[in-house]
Amino acid sequence: MKDYYEILGVSKDASDEEIKKAFKRAAIKYHPDRHPDDPEKYAAKFKEVNEAYDVLSHPEKRQMYDQGIDPNQQGAGGGFQGGFGGGDFGDIFGDIFGDIFGRRGGGRGAQAEPERGADLQMDCTVTLEDVYRGCTKDISVQTLVECPDCHGSGAAAGSEPETCPYCHGSGQITMRQGFFQVRQPCPHCHGTGKYVKTPCSHCHGSGTVKKRKTLSVRIPAGADSGMVLRLSGEGQAAPRGGVPGDLYVRIIVEPHRIFTREDSTLYCEVPISFVTAALGGSVTVPTLDGEKSITISGETQTGKRFRIRGGGMPTTSGGKGDLIVAVKVETPVKLNDEQKELLRKFGESLGESQDKPGSHSPEAKDFVDRIKQFFKDLKK
């Protein structure tokens, strides 16, 4: 005989409640509708799970099985109806089909969930300065709102929604599939349990109308592009008094003309003169809090980075990131004859040339050495 305890994944001394829970888990896992790629394989497994529960959920059949007798061949009496024990098989499968198909219905006594309005999504564009300090932005959104004439009921003035004649107000109908009973939302009232006999002339019975509304959105300090804010209940209104949906606002931070951003760290590039780079000095740099001065050491090269701690974006922990300043050495332009002559004399004083850079140009010397090694390697 098959090991029904192993099929359900329970021990031989499992209680009725443990067997029922194990059966529900297994039935959901192996239901063929969850495996459209190979329904036949899972249909066989699903049937095996049902067979195991058929035996282990019924006291008399389980006793025979534990004694080594196959109850499916011997039969079992005791008023057992339909081949399934426990007395609540319909409830179990109501839960199972609810889990599989979206939990719209349920077991015995379950009430249909009210229809929910659609969620909406929109973008809100802000500047880097906005999200540095945090701000409030007004956004305009066109959505469905509760009809002002019928107050969302969908019924004309002087009338009220009536009980749905198909589901008798339960919002659910029961469908039979062999020995299964599956509850689902009533298709006539869409699960509301109400029927509008005389529709409202303004909203034509839907209970909602289109309207553009303005909302204030609080943008938190440190927000980054892609962050989504949820405004509960600000989505579309639901038909006939259901629960409204939510509005999701995606933050888009505009590119900045000075700073680039990586998480809470800001970056900027600051040009410095040839003289300042060679001799050192003080340079004013921009930050989102105003100007700050940094000290440039002598013999600074293009690309050298300076860190301003706390000069970046706010973090979720309450602190701030850093600002990284990269310097760019500018070559002098629009030189007059006297200035050009001074530079020529300066170059002669260094005793260097482009082909033979010395200690005054360490990067150029390193580059020339690597080129020479490159050509030597080619000749090998």
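Just so it is clear, the structure is predicted and the values come from calculations on it, not from any experiment.

Participant: Can you tell me about the overall build of the chain, naming the residues and giving the values?
Facilitator: For the chain, the helix and strand inventory stands at 10 helices and 15 strands. Going through the 380 residues of the chain one by one, you find that 36% of them count as buried. Within the structure as shown, the chain displays about 23300 Å² of accessible surface, and the carbon and sulfur contribution to it stands at 49%.

Participant: Which residues make up a nonpolar patch on the surface, and what values go with them?
Facilitator: Together, Phe274, Val275, Leu279, Leu343 and Phe346 give the surface a local cluster of nonpolar side chains, amounting to about 490 Å² of exposed area. Those elements that place two or more of their residues in the nonpolar patch are α8 (274-279) and α9 (337-350). Per-element tally for the nonpolar patch: the top contributor is α8, with three residues. With respect to the helices and strands, Leu343 occurs in helix α9. With a relative accessible area of 38%, Leu343 lands in the partly exposed category.

Participant: With reference to specific residues and values, describe the state of the cysteines.
Facilitator: Considering all chains together, one arrives at zero disulfides under this definition. Cys124 carries a free sulfur, and the closest cysteine sulfur to it, the one in Cys135, is 7.3 Å from it. The thiol sulfur of Cys150 is not disulfide-bonded, and the nearest other cysteine sulfur, from Cys203, lies at 3.7 Å. Among the residues examined, Cys150 registers a relative accessible area of 9% and is labelled buried.

Participant: Give a description of the pattern of salt bridges that names residues and reports values.
Facilitator: Using the criterion set out here, one finds 17 salt bridges in the structure. Lys20 serves as the salt-bridge partner of Glu17, at 3.8 Å between the closest nitrogen and oxygen. Here Glu17 pairs with Lys20, and both are found in helix α2 (residues 16-30), just three residues apart, close to one helical turn. Judged by its relative accessible area of 41%, Glu17 falls in the partly exposed class. Several salt bridges converge on common partners, so that one network encompasses Lys2, Lys45, Glu48 and Glu51.

Participant: Explain unusual backbone geometry to me, using residue names and the numbers behind them.
Facilitator: The general pattern is negative phi for most residues beyond glycine and trans for most peptide bonds. A positive phi angle is found at Asp263, which is not glycine, with a value near 60 degrees. Tracing the backbone shows Asp263 in the loop between β10 (260-262) and β11 (265-273). Asp263 gets classed as exposed once you look at its relative accessible area, which sits at 58%.

Participant: So what's going on with the sheet that holds strand β8 (residues 228-231)? Which residues, and what values?
Facilitator: Either a parallel or an antiparallel arrangement is found when strands of a sheet pair, and the pairing is made through backbone hydrogen bonds. Read across the open sheet, the three strands follow the order β1-β9-β8; overall the sheet is mixed. Among the strands making up the open sheet, the edge pair consists of β1 (120-126) and β8. Between one strand axis and the next, the sheet turns through 25 degrees on average, direction left out of account.

Participant: Please provide a residue-by-residue account of helix α4 (residues 59-66), values included.
Facilitator: All of the buried residues in α4 are Lys61, Arg62, Met64 and Tyr65. Seen along its axis, α4 keeps its buried residues to an arc of 160 degrees; they face one direction. Every exposed residue of α4 that faces more than 90 degrees away from the buried side is listed here: Pro59 and Gln63. Remark: Gly68 follows α4 within two positions and exhibits a positive phi of approximately 85 degrees.

Participant: Pulling in residues and values, what's your account of the nonpolar core?
Facilitator: Formed by 37 residues in total, the largest nonpolar core has its most connected members in Ile219 and Val249. Residues within four places of Ile219 in sequence aside, it is in contact with Cys124, Val126, Val131, Gly134, Cys135, Lys137, Leu229 and Ile251. Residues Phe23, Ala27, Tyr53 and Leu56 belong to the second largest nonpolar core, which totals 20 residues.

Participant: I'd love a proper account of the sheet that holds β11, names of residues and values included.
Facilitator: An order of β10-β11-β15-β14 is seen for the four strands of this open sheet, with the pairing classed as mixed. A strand with exactly one partner marks an edge of an open sheet, and here the two such strands are β10 and β14 (305-308). Across this sheet, the average inter-strand angle for adjacent strands is 30 degrees, counted without regard to direction. In terms of strand pairing, β14 meets strand β15 (residues 323-330) through four bridges, oriented antiparallel. Bridging across to β15, Arg307 finds its partner in Ile324.

Participant: Report on α9, specifying residues and quantitative values.
Facilitator: Counted at 1.5 Å a residue, the expected span for α9 with its 14 residues is 20 Å, and the 20 Å between its end C-alpha atoms agrees. Residue Gly351 follows α9 closely and has a positive phi angle near 65 degrees.

Participant: How would you summarise the pairing of strand β12 (residues 281-287) if you had to cite specific residues and measurements?
Facilitator: Of the pairings in the sheet, the one linking β12 to strand β13 (residues 290-296) comprises seven bridges and is antiparallel in character. Directly across from Gly281, in β13, lies its bridge partner Ile296. Counting the residues in the hairpin turn of β12 and β13 gives two residues.

Calculation notes
- Residues numbered from 1 in each chain as written.
- Predicted model: local features only at pLDDT ≥ 70, side-chain atom pairs only at ≥ 80, totals over all residues.
- Heavy atoms only, no water.
- Helix = DSSP H or I, 4+ residues; strand = E, 2+ residues; numbered from the N terminus.
- Buried < 20%, exposed > 50% of the residue type's maximum accessible area, 1.4 Å probe, protein only.
- Areas by Shrake-Rupley, 256 points an atom, 1.4 Å probe, with all protein chains shown as cover.
- Patch = residues over 30% accessible without salt bridge, like charges linked within 9 Å, V, L, I, M, F, W, Y side chains within 5 Å.
- Salt bridge = Lys/Arg side-chain N within 4 Å of Asp/Glu carboxyl O.
- Disulfide = S-S within 2.5 Å.
- Pairing = 2+ DSSP bridges.
- Axes fitted to C-alpha atoms, helices over the stretch in contact; angles between N-to-C directions.
- Arc of directions from axis to C-beta.
- Core = buried A, V, L, I, M, F, W, Y, C linked by side-chain atoms within 4.5 Å.
- Contact = heavy atoms within 4.5 Å.
- Expected span 1.5 Å × (residues − 1).

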